[in-house]
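Here is how the chains run, residue by residue.
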Amino acid sequence: MFKFIRGKSGQTSADRLKIQKELFAFHKTAIHGFPNHPSAVSYDHQLSLLAIGTKNGLIRVYGSPGVEFYAQIENESEIRKILFLENRAQFITLSSDNCLHLWEINTKETQNNVKIGEIECIKTCNFFLTEASKEGSLKQITTITLNSNFDLLLIGTQSGNTYLLDVDKFDLNDQIIYQDVVLQNVPDDYKFNPGSVEVIAEQPSIANKFLIGYNRGLLVLWNNETLSADNYYVATQQLESVYWLSDGQQFISAHNDGSYIVWKASDKLHASEPPKIPYGPFPCKAINKIIWKTVQNSDDLIIFSGGMPRATHNDKYSVSIFQGTPESGKHHVLDFTSKVIDFLVIDSRLNSKEYDNPSTLVVLVEEEIVIIDLTHPDWLQHKLPYLSSVHSSAITCCQHYSCVSDKIYQSIVDAGRVQMSSKFTVKEWPINGGQNNVKTTALTHDILVTGHEDGSIRFWDSTSVSLKHLYTLMTSKFFLASDDDIALIDSDDNPNNEANAEDEWPPFRKVGTFDPYSDDPRFAVRKIALCVYTGTLVIGGTAGQVIVFDFNGESLEKPLSSSLLNIVGDKDGFVWKGHSQLTSKSGNIKFEVGYQPSSIVQLQPPAAITALSLYSEWGLIAAGTAHGFVMFDYQSRKSVLTKTTLNPHDLMGAAGGDAIITRRKSFKKSLRESFRRLRKGRSQRGDKRAASPSSTAASSTSPSKSIEEGRKSPKGEIIQLETKPVERQIEARSADDAMGSMVRCLYFSNAFIINNSTQTPTLWAATNAGNVLIYTIVMPSDDKRVSEDVSTQLAKEIHLKHKAPIVAIQIIDGNGIPLPDSYEVQKGVAKIPTSSGHRVLICSEEQFKLFNLPNLKPLNKFKLTAHEGARARRISVAEFGSKSNDNHIEYHLLCLSNQGDIGVLSIPELKRQIQTHCTKREDINGISSLVFTRNGEGFYLHSSSEFRRFSLSAKHIIEPICTIELPEGVRPIKPIAQIPPIAAASVVNDINENTNKETNETTNTMIEDNKLENNDQSKGNEREVIEKQIDEEKQETPNDCTEKSMPTSGIDESPISHNEFESQDGNDNQDIGDENQDIIDENQEIVDDLEVDHQEIEEVVTNGNTVNNGINGDNDSESADSQLEADVDVSNVTFESSVKTNSLDITIDSVKDHITNLSISDASELNEIKKSPSPVPPISTESHPIINSHED
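Residues numbered from 1 in each chain as written. Predicted model: local features only at pLDDT ≥ 70, side-chain atom pairs only at ≥ 80, totals over all residues. Heavy atoms only, no water.

The secondary structure content of the protein amounts to 21 helices and 63 strands. Counting every position in the protein, which comprises 1192 residues, the buried fraction comes to 52%. In the protein, once contacts between residues fewer than 6 apart in sequence are set aside, the share between residues at least 24 apart is 61%. Split by element, the accessible area of the protein, about 55600 Å² in all, is 48% carbon and sulfur. (Helix = DSSP H or I, 4+ residues; strand = E, 2+ residues; numbered from the N terminus. Buried < 20%, exposed > 50% of the residue type's maximum accessible area, 1.4 Å probe, protein only. Contact = heavy atoms within 4.5 Å. Areas by Shrake-Rupley, 256 points an atom, 1.4 Å probe, with all protein chains shown as cover.)

Next up, the structure:
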């Protein structure tokens, strides 16, 4: 009772909360792989940055490895075009909703004083969005192009008009190049509707001349200085693309019939050369884009996409490269397995003015990006340090391994280098912009291993932000393909294929790694296990194949060793109706450097592998299927144990094959159970629910001890008093739950299972029905390891009462630390566990429970489904270190639910530390693919082609920390933001809240006087009011300046002689203007000394001086006399406004309006005002009467 109260009522202490902040923090850190559904690509030749946009509005900018920037358009509209403003770290995007956005990469400092670059959208042009909604498709943007100075954006539309946008202001110019104006001088024979603007290209080396190409084949050389067309060019076919030669004297156009035309700028209407169809004469597909580059000491390069013959290669996605003539020159056709989105060419940075000297070809296709080295004689590919196609074949499983030994890591890297030596160029990666600010302090190596549908296993270096491909292992080559498929598969071993490839025209060349086709679905990899210290690798496949690999640094030729293990045996009534097993190849097989198979174990029935475990220290593996599990000694290549988990109820559905792994719910069943949940929830709310009767457990004839979870205990009785939610009865069960015999978890460990004094090697096997079988393993001594066999015996069983599928088992020592894996103690990676207090944590989909060892007495329990209605999908134990104390380390349980949430629970208390939302509950692919790491990180498939990386640790965070260093002055100076005018009286309180009551009363009196002044129509009365106010200020100001005004401003408060205001000649207007200008200059110096926002003050004073200068410029004598008083008043306003308000625009306007109403008819009155001494109006926080009279 006391234990329950202490556990339930106690709240987390302040110290513990502080520790939790040091340990846990959820961050989505990086994205690995290739962007899903790319739609645009661009390159900054000066900063060496590559940008990719996607159909859902994502923007990725890449530089050197580790330099990555991410952004997202708010409405997730498709990115149709990206244009870099080179050397500015700015770019413009055109989205599918006709919006133009200006982005820039800026550097910011975090709270830890770390500089990090971020993409920010600074300006948006929505003109075409609003206009398209009014006028329909005519205002749809079809193309955009920047001029060579990057200060003008040309926008082509569906209507055929071309708009010009000022990039600095990011606003449209008044000029519009109307299609009707363009067609004015076209000969009558060609005055037809040319269609929409298809392409715009600036003529090189000639400013303000643009080649505008229309959809139906008309091209116009437009001179933007004379606002007229210099030349016209007419093609007979629909226009697709245009590209200028670097000298600006020729250009090339591509068309929808697969032809291209070379034009001279001097040609009139028609080209001097006939059109060329590279793959004619039969009908061809359109050439979508074309580029023409000059090469020093070699032939020119012409690169284009498309243009294939429709009859024979209509299904090809290609980019063709011609150097020289098609007959005698160099010709390659790059063959891709997905649609070409766009391509671009990077020129050499050492290029001359006369030649382009292209160095790299970048091709963006739907499922990958391919970089070609154009300087290599064979035009080989670059090996990608990032942007790799992780989904080259569909990912079926993945595992992460931390602290891989240097020896094993280097062996994998070397094997990958040998494997790829003939496929990739050795030239440095060309996209190397930006600075990676991450401190490389990692002393270990992390590897992500992915299994694929085609039977391949790929190794990725996940130590840093860039997920780099290391090595690929193909398992399909060890088996024979199905007899039915042999005729459909193009065998690479056929010698005639090479001869046919040489004679084939066009000369196709396969590039890229993406291959969505699989020869046989049975090759798919389902489970992976790797020992990071010995390098032993085990994989389990869809057809029940288990392959054990050892690493070998030398290539050799040997036969395969295969073993057949039957799990079900001759059980009555069982019939396998699934796919057949794979057949291993016979005879000697040549194996390359790297992983080579040492044993192949084929399970019968050949169902998919559902669980796999490796313990290399003992030389044992265990594999489970829907029918049972086996234990195999791969050192002696002998079977140790075969155990079926089938019961008579499961025999009817055990022949499902792959169907048992699918997770689909019946809509009818789900709907029925939802109504049942609502009905029971209403009727039993607040009532005590009785425990549901437990089903009878399967009896065991072996000498084992059966432990029932429903054992009575004080804690259990108290829990029964709580409102117990309906769990299994109302939870929709997926198809795999109906198969209770499926093995979900296999776990090797040294455990105190027999007594408290002896640790015994054990195997724990858990099923979908909530059953756990514990086997003890008798290992022979090291000197008899080969001669004697390994034996096992069933020791104990655990049957969970709620019968939920068990997804994880972990034994912890007395300190709550997981028991080390094989060789971890010998390698010094883990400490020797305590000799007592061991406990086993058994995690089902619905609850986690801790048992004592060896008596298996329940200790703690956490009900996930009962409390939250969720079910566990992934379970792992991770190490968390404090970010402020390196010596503080804790181990916690990580749980991913089917709702997409991740929870962290303490061990052994099973108390929740944090819970966060990771992915959407509808993201079945992301949830099923998620894998945790041992240091609190995780990976899941954000899309079919991208891994999303996250961290739950506050200390271990791997994210891109990078910046772009720009030369000074490359970006235009941003204009000062115009601040909306604010009422002067409202600003006074914000500037100085300490104004005393006496000052406020004086201000109110002056406001009232000012109101009277506006109501008084007599000019003489206005004169008297102003004189009276000046006299009052002369008397009140000195005290106010001493107490309230800024004492440190350094203002000289001594009165100014009236001679400074008095002109020597009554008609000398220039002297009056000079004296007034001196007052304004003095006011300017005072304003500069004030400690306020200097930008706003500079803007205010500039406006004030402009108004004053305009007043002083009047040459009329009578106006000049009136000007004297007006200047005095304006100077007063300038003094006050510069201190107490940022809205001097209103102050000056009010003074101007007031001055225009003043007229002085009596010169004698003016002379009296001139002779009266007028001290400099002091800085005051009071509102000037003139200002308030204007506002009132």
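Further notes follow.
One open sheet accounts for five strands, arranged β21-β22-β23-β24-β34; its pairing is mixed. Here the strands that pair on one side only, and so sit at the sheet edges, are β21 (287–293) and β34 (508–510). If you compare each strand with its neighbour and ignore which way they point, the axes differ by 20° on average. Summarising the sheet, strand β24 (residues 330–336) and β34 pair through three bridges and their orientation is parallel. The residue bridging Val-333 from the neighbouring strand is Phe-508, located in β34. (Pairing = 2+ DSSP bridges. Axes fitted to C-alpha atoms, helices over the stretch in contact; angles between N-to-C directions.)

As paired strands, strand β35 (residues 525–530) and strand β36 (residues 537–541) are joined by five bridges and run antiparallel to one another. From the neighbouring strand, Ala-529 faces β36, where its bridge partner is Val-538. The hairpin formed by β35 and β36 contains six residues between the paired strands, and Gly-535 there has a positive phi angle of roughly 85°.

This part covers the nonpolar core. Counting residues in hydrophobic clusters, the biggest one holds 51 residues, and the most contacted among them are Phe-459, Ile-528, Leu-537 and Tyr-595. Counting residues per element, this core draws most heavily on helix α6 (residues 406–420), which supplies five residues. Setting aside anything within four residues of it in sequence, one finds Leu-537 in contact with Phe-459, Leu-473, Ile-528, Ala-529, Leu-530, Ile-547, Val-548, Phe-549 and Tyr-595. Membership of the second largest hydrophobic core comes to 20 residues, among which are Ile-59, Ile-79, Ala-89 and Ile-964. (Core = buried A, V, L, I, M, F, W, Y, C linked by side-chain atoms within 4.5 Å.)

So, on to unusual backbone geometry. In this chain, Leu-853 is followed by Pro-854 through a cis amide linkage whose omega measures 5°. Note that the residue after Ile-907, namely Pro-908, is joined by a cis bond; omega there is 10°. Its location among the elements puts Pro-908 in the loop between β58 (901–906) and β59 (912–917). Residue Leu-269 is not a glycine yet carries a positive backbone phi of 65°. Within the element layout of this structure, Leu-269 appears in the loop between β20 (260–264) and β21. A positive phi angle is found at Trp-379, which is not glycine, with a value near 50°. Positionally, Trp-379 belongs in the loop between β27 (369–373) and β28 (395–404).

All right, on to a nonpolar patch on the surface then. A surface patch of nonpolar side chains, about 300 Å² in accessible area, is lined by Leu-671, Phe-675 and Leu-678. Structurally, Leu-678 is set in helix α8 (residues 667–683). (Patch = residues over 30% accessible without salt bridge, like charges linked within 9 Å, V, L, I, M, F, W, Y side chains within 5 Å. Salt bridge = Lys/Arg side-chain N within 4 Å of Asp/Glu carboxyl O.)

So, on to the sheet that holds strand β42 (residues 594–604). Across the sheet, five strands lie side by side as β35-β36-β37-β42-β39; this open sheet has mixed pairing. Since the sheet does not close on itself, it has two edges, and those belong to β35 and β39 (562–566), each with one partner. With strand direction ignored, the average angle separating the axes of adjacent strands in the sheet is 20°.

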